[in-house]
Amino acid sequence: MADSLMATYNRLPVTFARGEGAWLWDTDGNRYLDAVSGVAVCGLGHAHPDVAEAICRQSRELLHTSNLYRIAAQERLGDRLTAVAGMDRVFFANSGAEANEAAIKIARLYGHRKGVEVPTILVAENSFHGRTLATLTATGNRKVQAGFEPLVRGFVRAPYGDLESIQRAAETTRELVAVLLEPIQGEGGVNLAPEGYLAAVRALCDQHGWLMMLDEIQTGMGRTGRMFAHQHAGIVPDVMTLAKSLGNGVPIGACLARGAAAEVLGPGTHGSTFGGNPLACAAAESVLEVLSSQGLPARAAKLGADILAGLREALRDVSGVIAVRGLGLMIGVELERDCGELVGRALEQGLLVNVTAGRVIRLLPPLVLSDDQADTLVAQVSALVQAFLAG
Ligand SMILES: Cc1ncc(COP(=O)(O)O)c(C=O)c1O
């Protein structure tokens, strides 16, 4: 690897040259089935013609001006995204961490305006919210935080899925102003919220006047079978963050809010040079158009159900498989031992998978996966798991 790059990543020894849908080709011409999608970024697959066209068109007209001026593409995207999400307003950023920073700032201002001196946000164990100082503090993983102390004040933590601990926090932490959760924990190991949990958190937030803030950066944009994962729970958060597949590979993040939360940020309280620039917004607008015109969230639901059923069937009697779980095209296969080496083995067989939380094989294929590709994915993953556990 080039010495010029900081050593922040353990990279696999492969360089991709081009892609199409769920396929990728490396610089030697070898083909791979992509069940990672750039970690839930390329939901529409690689080189989607409509996104490519939108980017080309916008780049010929105008790439960037500034948030000093009105931006037509940002206004169009804002209108469309808030309507789809049932939210009132949106702030555009460039990444997931930045979208969450905006959410954290909204919670703090909201708290201060209510007279709370140290506004505090409740976050979950095993969560992941980003790598900036505030978002790594919110993240429930010591490895992400280690070495970067002092961490940011104003966060308390509860086990994910444990309603009682939130109720207890309400009694012990008088300064709570918001709860920030992932509807399904991604990096934490594809951990689904227990049935009824999100609705109960919603009720607690209403009861105490806390903002319910959902990080849908990994779960959003149709991946779980609904446009946003919280829709499975029949609730609407006060604040929702998006990034990843919102731009299908063009960097864009979004912090959406409704009600009082949507009125918190005013001129001078927040900003971003690039956030919501014409190029990123044109790309995201085309993503929204393709998602809805092709009914891709419903397609993700069907594909995900098929893949889950196929994996459960193939791995049913395999000892060492702890669980096969997921929703839509966010799927985890948890093994009894660490299995990071499976990523390299899969790569040798022309398949991209990810391992998170040490022993959870995470599958995040694009929503445009074909039925044949889904069958191939099930067959390859099952064979890899069986060979690994037998070895
Ligand atoms: C749930 C969640 N939140 C936030 C982030 C951070 O996003 P970014 O890497 O774009 O800053 C991620 C990235 O994996 C994520 O999965």
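An account of the accompanying structure is given in this report. Everything quoted here is computed from the prediction, not taken from an experiment.

### What to know about the environment of S370
Counting through the fold element by element, S370 comes out in the loop between β17 (360–363) and α12 (371–390). Taking the relative accessible area as the measure of exposure, S370 reaches 27% and is therefore partly exposed. In this structure, the C-alpha to C-alpha distance between S370 and L308, residues 62 residues apart in sequence, is 15 Å. Sequence-distant contacts of S370, that is, excluding residues within four places in its chain, are made with R299 and L303.

### A look at helix α3 (residues 72–85)
With 14 residues, α3 ought to run about 20 Å at 1.5 Å a step, and its terminal C-alpha atoms sit 20 Å apart, in line with that. Buried within α3 are the following residues: A73, L77, G78, L81, T82 and A85. The arc enclosing the buried residues of α3, seen along the axis, measures out at 145 degrees, which places them on a common side. Structural note: α3 exposes A72, D79 and A83 on the side pointing more than 90 degrees away from its buried face. Check the buried side of α3 and you find it contacts α2 (49–61), β4 (89–93), β11 (239–242), β12 (253–257) and α9 (278–293). Phi for G86, located one or two positions after α3, is positive at around 65 degrees.

### Describing the packing of aromatic side chains
Across all of its chains, the model carries 2 aromatic pairs by this definition. Centroid distance F16 to Y32: 5.3 Å. Interplanar angle 85 degrees. Geometry classified as edge-to-face. Pair noted here: F16 is in strand β1 (residues 16–20) and Y32 is in strand β3 (residues 31–34), with a separation of 16 residues, a long-range link. Taking the relative accessible area as the measure of exposure, F16 reaches 31% and is therefore partly exposed. With relative accessibility at 7%, the residue Y32 sits in the buried group. Ring centres of Y160 and Y197 lie 5.7 Å apart, and the angle between their planes is 70 degrees; this geometry places the pair in the edge-to-face category. Pair noted here: Y160 is in the loop between β6 (155–158) and α7 (163–172) and Y197 is in helix α8 (residues 197–208), with a separation of 37 residues, a long-range link. Pair check on accessibility: Y160 and Y197 agree, each one buried. Geometry around W25 places R18 over its ring, the cationic atom sitting 4.1 Å from the centre. Seen from the ring of F388, R337 lies directly overhead, with NZ or CZ sitting 4.4 Å from the centre.

### Regarding the pairing of strand β10 (residues 211–215)
Burial runs high along β10: 5 of the 5 residues are buried. Burial of the side chains of β10 extends over both faces: L211, M213 and D215 are buried on one face and M212 and L214 on the other. As paired strands, strand β7 (residues 176–181) and β10 are joined by 4 bridges and run parallel to one another. What sits directly across from V179, in β10, is M212. Where β10 meets β11, 3 bridges bridge the pair, whose relative direction is parallel. Each bridged residue has a counterpart across the sheet, and for L214 the counterpart in β11 is M240.

Quick notes on the rules
- Residues numbered from 1 in each chain as written.
- Predicted model: local features only at pLDDT ≥ 70, side-chain atom pairs only at ≥ 80, totals over all residues.
- Heavy atoms only, no water.
- Helix = DSSP H or I, 4+ residues; strand = E, 2+ residues; numbered from the N terminus.
- Buried < 20%, exposed > 50% of the residue type's maximum accessible area, 1.4 Å probe, protein only.
- Contact = heavy atoms within 4.5 Å.
- Expected span 1.5 Å × (residues − 1).
- Arc of directions from axis to C-beta.
- Phe/Tyr/Trp six-rings, centres within 6.5 Å; stacked < 30°, edge-to-face > 60°.
- Lys NZ or Arg CZ within 6 Å of the ring centre and 35° of its normal.
- Pairing = 2+ DSSP bridges.

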